[in-house]
4 protein chains.
Amino acid sequence: MFLQGSWYLQKVSDNTYMLMKIRSIIYRGRTKYQYVEIVDFEDYGVGLVLDGFVQSTEADEYIYHESLVHPAMTLHRGPEDVLVIGGGEGATIREVLKHNTVKRCVMVDIDGELVELAKKYLGVMHKGSFYDPRVQLVIKDGLEYVRESKDKSFDVVILDLTDPYEPSGLARELYSEKFYRDIKRVLREDGVVISQVGNAFYYPREFDQAVSDMKRVFRYVITYEVWIPSFGYSVNYVLATDIIDPLKINSSEINDVLRHRGVTTRFFNGEIYESFINRKVIKKI
Amino acid sequence: MFLQGSWYLQKVSDNTYMLMKIRSIIYRGRTKYQYVEIVDFEDYGVGLVLDGFVQSTEADEYIYHESLVHPAMTLHRGPEDVLVIGGGEGATIREVLKHNTVKRCVMVDIDGELVELAKKYLGVMHKGSFYDPRVQLVIKDGLEYVRESKDKSFDVVILDLTDPYEPSGLARELYSEKFYRDIKRVLREDGVVISQVGNAFYYPREFDQAVSDMKRVFRYVITYEVWIPSFGYSVNYVLATDIIDPLKINSSEINDVLRHRGVTTRFFNGEIYESFINRKVIKKI
Amino acid sequence: MFLQGSWYLQKVSDNTYMLMKIRSIIYRGRTKYQYVEIVDFEDYGVGLVLDGFVQSTEADEYIYHESLVHPAMTLHRGPEDVLVIGGGEGATIREVLKHNTVKRCVMVDIDGELVELAKKYLGVMHKGSFYDPRVQLVIKDGLEYVRESKDKSFDVVILDLTDPYEPSGLARELYSEKFYRDIKRVLREDGVVISQVGNAFYYPREFDQAVSDMKRVFRYVITYEVWIPSFGYSVNYVLATDIIDPLKINSSEINDVLRHRGVTTRFFNGEIYESFINRKVIKKI
Amino acid sequence: MFLQGSWYLQKVSDNTYMLMKIRSIIYRGRTKYQYVEIVDFEDYGVGLVLDGFVQSTEADEYIYHESLVHPAMTLHRGPEDVLVIGGGEGATIREVLKHNTVKRCVMVDIDGELVELAKKYLGVMHKGSFYDPRVQLVIKDGLEYVRESKDKSFDVVILDLTDPYEPSGLARELYSEKFYRDIKRVLREDGVVISQVGNAFYYPREFDQAVSDMKRVFRYVITYEVWIPSFGYSVNYVLATDIIDPLKINSSEINDVLRHRGVTTRFFNGEIYESFINRKVIKKI
């Protein structure tokens, strides 16, 4: 009713912030790697906030996670081994597991304390996915995990990292040509890699860098974006692969794959896929 | 560099606000109808703000205005008479005039003082369009103008109004079945009407109302959305027509029309059109 | 470390607000009368907030409550019966009870739910005072309690109310000449009444009104002020009495009374008393 | 009327900020030394802001400047030569010049560009004092000026500096025992020095340091404070001298001096002086 009260101040850029009204603060604490807050927002429900940046909220995380996971998964003709790096709240693996082709889903997160907090407080997001027998949880630096992995051991690699421009720099090296080469090595020939890359409007340089790094390593690279209300911006994704040209795939092919694999979604489908590949990225000039 | 300084506080919803750093305040004053501010924002350049809501900024108004004007204009096979209601800063008529089929563009704005301010301060937006001989500027309530207009006098009607949920209620009656019926009367048979309808995520009720009102009056009604950074959300549009089904039009047809009419754009094209008609509206649940 | 995070937005005036960083939200809920929040602030520790206005915090409530209670109590030569209206967190009666002359301290608060919350969460403020045998807690409208009280039944009356200009208007009638006349009736001849009256700089009209109302009822009326950090302003008090001229009392007399009655304080003493009666009220011009 | 609009965000401490509604931004620019903003605030009128910290506003600068200048000036039995360091907006020298004993008032400010801006925009503050024949304006580092000054050349030294804890650190060395020793050298035997020292509640360490540094150099050191609304806190002052004990001076002596020297004030007088020396400093515990 009144503006007085508790607000979460989230940075969008140096010159744009969001104020989000708070219902309650469920948890606050520092892990070895980051500051974790679990906050119940009036507009977005329960949300996970890392180092001051909203990662996922009840109201819109399905948009973010479906858009991250399903384009890459459906572009592969039968993903059995999937590697997820990051994604501590467990919603990314939740989406991966919907594909009945999946035999093994390795989730590598550097922050074991965060995963424990997610298990405890964020059931609404992971929906028990941590306990699925196909999931193998590894608490480790993703960089290291990939370096030590065998050649051609994955069909899809999903990078669900904190933003490249976050002050903590926690994920910075995971946005680099060097790391993309390592990923290419562990991917099978028809493998697909997808990374969220934060916002291209406010951070065009970091976005362009990620895209050009991917292009030096993979044959086909596409980008797409979707507005996530609780982030205050459209989030951008970069998808890369060597065999199938993503621009040649149409909505009915995507819808067929989803149906055959028994994947049900709230947001993503073939039409959204077409809108993704047709939509220009909005960058500040 | 530092967070101290001048910020514009913009309401997104009752429980979400944006803080936008200010470079300077160019103009502030109250017209008979609304509070007008022309502000230079660090992230968005010069912007027009009405009653506390950003309407247009240098950084992203082209996205908003191209998305408002060109889908409706290209869906019509040869728009000669175009009616724009609202759009005080003159950027909507700027986009309309790009179509070389246009013979007459009537712009009706209730707020003559606002138009004078736009002429004086917002050349970067109207680009002199007010002085194009095809433009006829009428300072009048749009409701009244439409009521008094002759039957079948327009090919395209563009409603570029303040949001339906703004506290001032200035434009409220221009989002109603009654008004849409009046518009239908002044449209020729193959006419197209387009309205911006604010944000569907935070204001799903107002959005749904506008869509269902349109559906009671027109045969084909589609909605689409695009993220506008300085609004803090994806803006939604409702497009309606009786003859051509917008979902049957593809990207190359749109691109052909744009090319034949000599329309150059920064954002909109046939692919964006396809992404518009394929993208689901995001509403808060 | 970083500005991102949870902040409490407190209104100081229509054009000045405070942002206070939050450690945690201990309690939030609506009683029959007001919205109650118990918040742990980084700068001020645990605080009670009513309808969005900070009432008391660990860091500075002793300044507010000692300044409210002890001037009035020490000006009376032997207060035995004391009436406190408001003061739900129990810190005002805590200060009253320090005077060993007190035989009966009636605390009247309209909001019984608030008092229960204070008992549960704000022990750091009331320090068990609710359970002192001299205390008689009455859950009732203060206006009514005074109207129904016998003539000359109190030595000191302390009005610890929410501000006269708060939008809720909860306490508005308790700042009026009519109510002051009722208080005068229940006061003995040498009685003293003290009221907090909010801030005179931002709300000079409400302050002036309270002072002139008091002056129509009592012979001697003085005002004084003290800065309370968590309020964002200097709080003003109005003290009134008929027998002793407060301006004739000096620091050593005050110090003597405090010592004889066994009153220990953290802020108030005779010197502060002198600084109170010598300091001009700061009002916006 | 509505909360939307332009606000100045001022830091009070790491965990407390103020939002102050803006009417207009009169000037913004960077000098060699600091970021200068001249802003018209709804609640405080025109104000000077340096590096994001309000220095002076129309509504309350008289309180700040009278409290800075007159205690020191009246404690001296006949100040003829006065040194002001800082005070770029010219209000400090305005108060100094009210004492008809003054023959020479040297104002030393490091920032010549700031002084030019003050001359141009802040006539309401300096009231032409820069052009008084007794004023000698020196653009120089105060540290250097004092080092190069002759022994015993001033009766009163007034340090009107930016806060000791400001991130820029512009004035840091001017709060130090070393500098106080230099000042002592240029003061005559009965000289008085006064420094504003920012806020003791939020920055107790910096305050305590300034006081203890002064105490190592001067015999009598007193502190006092007064709430300045546009600062969001009570500002503290440290006054030091070797001959007269400030605690022995009473209100009527102060009033006599002011009257004899033809000094008229809006806030300060003998009673305020007594309230200053009797009021305890409020520090966060």
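Everything numeric here is computed off the predicted structure, so don't read it as measured data.

> Tell me about the overall build of chain A, and please be specific about residues and values.
Each helix and strand counted, chain A has nine helices and 12 strands in total. Here the C-alpha atoms of chain A give a radius of gyration of 18 Å, agreeing with the 19 Å that 2.2 N^0.38 yields for 285 residues. Expressed as lengths along the three principal axes of its C-alpha atoms, the size of chain A is roughly 55 × 45 × 35 Å. For chain A, with 285 residues in total, the buried portion stands at 57%. When contacts within chain A are restricted to residue pairs at least 6 apart in sequence, those whose partners lie at least 24 apart make up 65%.

> Can you tell me about the relation of the copies chain A and chain B, naming the residues and giving the values?
Here two copies of a chain appear, and what relates them is a rotation about an axis with a shift along it. Expressed as a screw transformation, the operator carrying chain A onto chain B has a rotation angle of 180° and an axial translation of 0.0 Å, and the superposed copies differ by an RMSD of 0.0 Å. Given the turn and translation reported, the copies of this chain are related as if by a two-fold rotation axis. No C-alpha of chain A approaches the rotation axis more nearly than that of A:Ser275, which lies at 1.8 Å.

> Can you lay out helix α6 (residues 177-186) of chain D for me, pointing to particular residues and giving the numbers?
Residue and element names in this part refer to chain D. Residues Phe179, Tyr180, Asp182, Ile183 and Val186 constitute the buried set of α6. Each buried residue of α6 sits inside an arc of 155° when the element is viewed along its axis, so together they form one side. Looking at the buried positions of α6, the neighbouring elements they touch are α5 (142-148), β9 (154-160), β10 (187-196) and α7 (204-217).

> Explain the interface of chain A and chain B to me, and be specific about the residues and the numbers.
With 28 residues of chain A at the interface, the matching set in chain B holds 28 residues. Here the element with the most residues in the side of chain A that touches chain B is strand β2 (residues 16-30) of chain A; it accounts for six residues. For the side of chain A that touches chain B, the per-class residue count stands at 13 nonpolar, seven polar and eight charged. With five bridges connecting them, β2(A) and strand β2 (residues 16-30) of chain B associate as antiparallel partners. When the sheet's bridge partners are listed, A:Met20 is paired in β2(B) with B:Thr16.

> Explain unusual backbone geometry residue by residue, including any values.
Residue C:Asp51 is not a glycine yet carries a positive backbone phi of 50°. Within the element layout of this structure, C:Asp51 appears in the loop between β4 (45-50) and β5 (53-57). In this structure, D:Lys152 is a non-glycine residue whose phi angle is positive, near 50°. Looking at where D:Lys152 falls in the secondary structure, it is placed in the loop between α5 and β9.

> Could you give an account of the domain arrangement of chain A, naming the residues involved and the relevant values?
All names here are of chain A. On domain assignment, one finds that chain A holds domain 1 (7-55) and domain 2 (61-278). The straight-line distance from the C-alpha centre of domain 1 to that of domain 2 is 23 Å. Tallying the contact residues gives 21 residues for domain 1 and 20 residues for domain 2. In terms of residue count, the dominant contributor to the side of domain 1 that touches domain 2 is strand β4 (residues 45-50) (four residues). When the residues that make up the side of domain 1 that touches domain 2 are grouped by side-chain class, the tally is 13 nonpolar, six polar and two charged.

> Describe in detail the sheet that holds strand β12 (residues 233-241) of chain C, supporting the description with residues and values.
Residues and elements named next belong to chain C. Read across the open sheet, the seven strands follow the order β8-β7-β6-β9-β10-β12-β11; overall the sheet is mixed. Two strands close off the open sheet at either side, each with one partner strand: β8 (135-139) and β11 (220-228). Across the sheet, the mean angle from the axis of one strand to that of its neighbour is 15°, orientation sign disregarded. For strand β7 (residues 104-109) and β8, the ladder comprises five bridges, and the chain directions are parallel. By the bridge assignment for β8, Cys105 is matched with Val135. The strands touched by helix α6 (residues 177-186) within the sheet are β9 (154-160) and β10 (187-196), with β10 carrying the most contacts at an inclination of about 140°. Together, β10, β11 and β12 form the strand contacts of helix α7 (residues 204-215), whose direction differs from that of β12 by roughly 10°.

Quick notes on the rules
Residues numbered from 1 in each chain as written. Chains lettered and ligands numbered in written order. Predicted model: local features only at pLDDT ≥ 70, side-chain atom pairs only at ≥ 80, totals over all residues. Helix = DSSP H or I, 4+ residues; strand = E, 2+ residues; numbered from the N terminus. Rg over C-alpha atoms; globule rule 2.2 N^0.38 Å. Buried ≥ 20, exposed ≤ 12 C-beta atoms within 10 Å, placed from the backbone. Contact = placed C-beta atoms within 7 Å. Least-squares fit on C-alpha atoms with pLDDT ≥ 70 in both. Arc of directions from axis to C-beta. Nonpolar A, V, L, I, M, F, W, Y, C, P; charged D, E, K, R; others polar. Pairing = 2+ DSSP bridges. Domains from an automatic or database assignment. Axes fitted to C-alpha atoms, helices over the stretch in contact; angles between N-to-C directions.

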